[in-house]
Amino acid sequence: MILQERIDKKLEIRVTVVGDRVLAAAIDSQAAEVTRDDWRRDVFQAPHLVHDLPEHVAERCRRLLRRYGLLFGALDFILTPDGEYVFLELNPNGEWDWVEALTGLPVASALGDVLTGGR
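Here is a short report on the structure shown in this document. Note that this is a predicted model, so its numbers are computed, not measured.

### Considering helix H3 (residues 107-115)
Moving on, step 1. Listed in full, the buried residues belonging to H3 are Val107, Ala110, Leu111 and Val114. Seen along its axis, H3 keeps its buried residues to an arc of 100 degrees; they face one direction.
Moving on, step 2. Residues of H3 that are buried in the fold lie against strand S1 (11-18), strand S2 (21-27), strand S4 (72-79) and helix H2 (97-103).
Moving on, step 3. Among the residues trailing H3, glycine 117 stands out with phi positive, at a value near 100 degrees.

Written as structure tokens, this is what we have:
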């Protein structure tokens, strides 16, 4: 069993890092009762918006991927009501298509750039 401290949420943040690009989406899990504890219960009930991630958080995401030798990673955060970013996990094979579909973030294009030698 894994136990985790309960953290009050303003938003949940999915950060997709591809090469040096950091693409962040805010998931308003608090907008619907069904998604308050876990937005995955009904992805389409939680509004998704492009999120302006502070540069110091974006740089820490890049550094974490470099440390593990990764060119891609999906990171999950909670943004607390006080504005603190709380890191939850790094998934080196995280899903991203739904984020692109709901926000327009250019994840597929960034992946194409990395696969063809760009960063």
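### A look at the packing of aromatic side chains
Moving on, step 1. Overall, the coordinates contain three aromatic pairs when judged by the stated rule.
Moving on, step 2. Seen in terms of ring centroids, tryptophan 39 and tryptophan 98 are 5.2 Å apart; in terms of plane orientation they differ by 20 degrees. Their pairing is stacked. Taken together, the residues tryptophan 39 in the loop between S2 and strand S3 (48-50) and tryptophan 98 in helix H2 connect sequence positions 59 residues apart.

What counts as what
Residues numbered from 1 in each chain as written. Predicted model: local features only at pLDDT ≥ 70, side-chain atom pairs only at ≥ 80, totals over all residues. Heavy atoms only, no water. Buried < 20%, exposed > 50% of the residue type's maximum accessible area, 1.4 Å probe, protein only. Helix = DSSP H or I, 4+ residues; strand = E, 2+ residues; numbered from the N terminus. Arc of directions from axis to C-beta. Contact = heavy atoms within 4.5 Å. Phe/Tyr/Trp six-rings, centres within 6.5 Å; stacked < 30°, edge-to-face > 60°.

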